[in-house]
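One-letter residues, chain by chain:
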Amino acid sequence: MASKTLSCLGIFFCMMFLFEPLANGQLDYNFYDDLCPNLPMMVRWGVWAALRNDTRMAASLLRLHFHDCFVNGCDGSVLLDDTPNFKGEKNALPNRNSARGFEVIESIKADVERACPSIVSCADILALAAREAVILSEGPFWPVSLGRRDALTASTKAANEQLPTPFESLDNIVTKFASNGLDLRDVVVLSGAHTLGYAQCFTFKRRLFDFKGSGKPDPLLDASMVASLQGTCPNVDESNSKLAPLDVQTVYKFDNAYYKNLMTNTGLLESDQALMGNPKTAEMVNFYSTYPYLYSRDFAASMVKLGNIGVLTGQDGQIRKKCGSVNYYY
Ligand code: HEM
Ligand SMILES: *[C@@H]1O[C@H](CO)[C@@H](O)[C@H](O)[C@H]1NC(C)=O
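Bear in mind the structure is a predicted one, so any value in this text is a computation, not a measurement.

Side note on the overall build of the chain
Along the chain, the regular secondary structure elements total 13 helices and two strands. The globule rule puts the C-alpha radius of gyration for 330 residues at 20 Å, and the 21 Å found for the chain is close to it. In the chain, which comprises 330 residues, the proportion classed as buried is 51%. The long-range fraction of contacts in the chain, counting pairs at least 24 apart against all pairs at least 6 apart in sequence, stands at 74%. By element, 59% of the accessible surface of the chain is carried by carbon and sulfur atoms, the whole surface being about 16100 Å². In the chain, the 31 positive side-chain charges and the 35 negative ones have mean positions that sit 1 Å from each other.

And the structure:
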């Protein structure tokens, strides 16, 4: 009797293991182990080479993955060029003349295609590249599960509606995160990605000269920071695309300085500094500014959540040959 129950359980679990990945369309850490075992090394090398040429590329790849995942899921849609059939995400307001790293992903994809043709999705390459970029910036490791498939289309409108902007309220931003299954802590933790990279003057300029029609700078921006940013971003349209570091302390190092900056009113974007304007998020900022190790741990956990948003699996979507365009043949 007991052995009958046991073998029955055995078959039950066996069937679960067989069918679960297909039935639930889940991602899998070992997805490419058989068909493209060198994938992680190829991505690592490609990101390393890109950073050796342009250190900022770490920030750009991390942001590109975020912008992919926030618009209809992590499906490589951000990588698609416009076509006669659709206007893609590349030219949406948050991306146009701003999102970078497309050619890095395309070049890694070309390497991967030579080794394992039509096996690895662009969405997975981007997810791995973002992780390698953070590691090479001395940030934390997180496990990237694989098996995402690539979207067949993309939408400017969706990108404009779904990506957060630095001019909207924390409440709005929290709502956008929540619609992707991310909670208040994820908002605070993932915003810490602004420990890397740069922003163009137009994204924070109103804080420097005429904040909300006051004729004065934003009172929540440190006065000496205002002075130095006014030097980088003079009050003329010509300065709009000039760059300032999001984390003025350690622009190329992934650390918790972002939170320390918020504590001293030196966050660059209004949306960054706004994390101090809500008691719950301010407490988290205080916490992460004090405990870098716990920040690393929580960033890794939130990146896993980010990377799992709305993924296509199984027979959905396709494996693109080139990341910039869908395959018109199968
Ligand atoms: C919370 C809402 C967020 C807003 C409003 C926001 C907004 C921005 C803006 C305006 C820029 C500057 C773009 C430019 O000037 O061209 C920027 C850069 C950046 N963002 Fe965010 N962001 C947010 C969340 C995130 C998240 C969740 C990540 C990643 C996990 C991220 C990663 C980055 C990085 C790394 C850069 C620098 C990119 C580079 O130097 O190429 N951001 N963000
Ligand atoms: C190196 O980086 C610059 C931007 O800093 C870019 O214009 C150039 O294409 C990159 N070169 C290579 C070989 O990736």
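Thoughts on the state of the cysteines
All chains considered together, the criterion is met by four disulfides. The disulfide bridge from cysteine 36 ends at cysteine 116, spanning 1.9 Å between sulfur atoms. In this structure the cystine formed by cysteine 36 and cysteine 116 twists about its S-S bond by roughly 45°; its chirality is therefore right-handed. Here cysteine 116 lies in the loop between helix 4 (102-115) and helix 5 (122-136) and cysteine 36 lies in the loop between helix 1 (2-24) and helix 2 (39-53), a separation of 80 residues in the sequence. Under the relative-accessibility criterion, cysteine 116 is labelled buried at 6%. Look at the chain and number its bonded cysteines as they come in the sequence; the links are 1-4, 2-3, 5-8, 6-7.

Comments concerning the UniProt feature "binding site: heme b" (unreviewed entry) in the chain
According to UniProt, the feature "binding site: heme b" (unreviewed entry) maps to His194 in the numbering used here. With respect to the helices and strands, the residue histidine 194 is situated in the loop between helix 8 (184-191) and strand 1 (198-200). Among residues more than four places away in sequence, those in contact with histidine 194 are Leu246, Asp247, Tyr258, Leu269 and Asp272.

Points about the pattern of salt bridges
Under the definition given, this model contains 15 salt bridges. With its nearest N and O atoms 2.9 Å apart, the salt bridge here joins glutamate 113 to lysine 109. With a gap of four residues between them, glutamate 113 and lysine 109 both fall in helix 4, about one helical turn apart. With a relative accessible area of 11%, glutamate 113 lands in the buried category. When the shortest N-O distance is used, the salt bridge between glutamate 270 and arginine 206 registers 2.6 Å. Of the two residues, glutamate 270 is situated in helix 11 (residues 270-273) and arginine 206 in the loop between strand 1 and helix 9 (223-232); the sequence distance between them amounts to 64 residues. Because the salt bridges share partners, they merge into one network encompassing Arg44, Arg131 and Glu132.

Structural notes on the side chain of serine 98
Here serine 98 shows up in the loop between helix 3 (57-70) and helix 4. Residues contacting serine 98, with those up to four places away along its chain left out, are Arg63 and Gln200.

So, the packing of helix 3 against helix 13 (residues 292-307)
Two elements in contact, helix 3 and helix 13, have axes whose closest approach is 9 Å; the angle formed by their N-to-C orientations is 45°. Put simply, helix 3 runs oblique to helix 13. Where helix 3 abuts helix 13, its residues Leu62, His65, Phe66, Cys69 and Phe70 lie against Phe299, Met303, Leu306 and Gly307. Classifying every residue of the contact of helix 3 with helix 13 gives seven nonpolar, two polar and no charged.

Reading the values: rules and limits
Residues numbered from 1 in each chain as written. Chains lettered and ligands numbered in written order. Predicted model: local features only at pLDDT ≥ 70, side-chain atom pairs only at ≥ 80, totals over all residues. Heavy atoms only, no water. Helix = DSSP H or I, 4+ residues; strand = E, 2+ residues; numbered from the N terminus. Rg over C-alpha atoms; globule rule 2.2 N^0.38 Å. Buried < 20%, exposed > 50% of the residue type's maximum accessible area, 1.4 Å probe, protein only. Contact = heavy atoms within 4.5 Å. Areas by Shrake-Rupley, 256 points an atom, 1.4 Å probe, with all protein chains shown as cover. Lys, Arg positive; Asp, Glu negative; His and termini not counted. Charge placed at Lys NZ, Arg CZ, Asp CG, Glu CD. Disulfide = S-S within 2.5 Å. UniProt positions renumbered as here; feature names shortened; annotations may be inferred. Salt bridge = Lys/Arg side-chain N within 4 Å of Asp/Glu carboxyl O. Axes fitted to C-alpha atoms, helices over the stretch in contact; angles between N-to-C directions. Parallel < 35°, antiparallel > 145°, perpendicular 65-115°, else oblique. Nonpolar A, V, L, I, M, F, W, Y, C, P; charged D, E, K, R; others polar.

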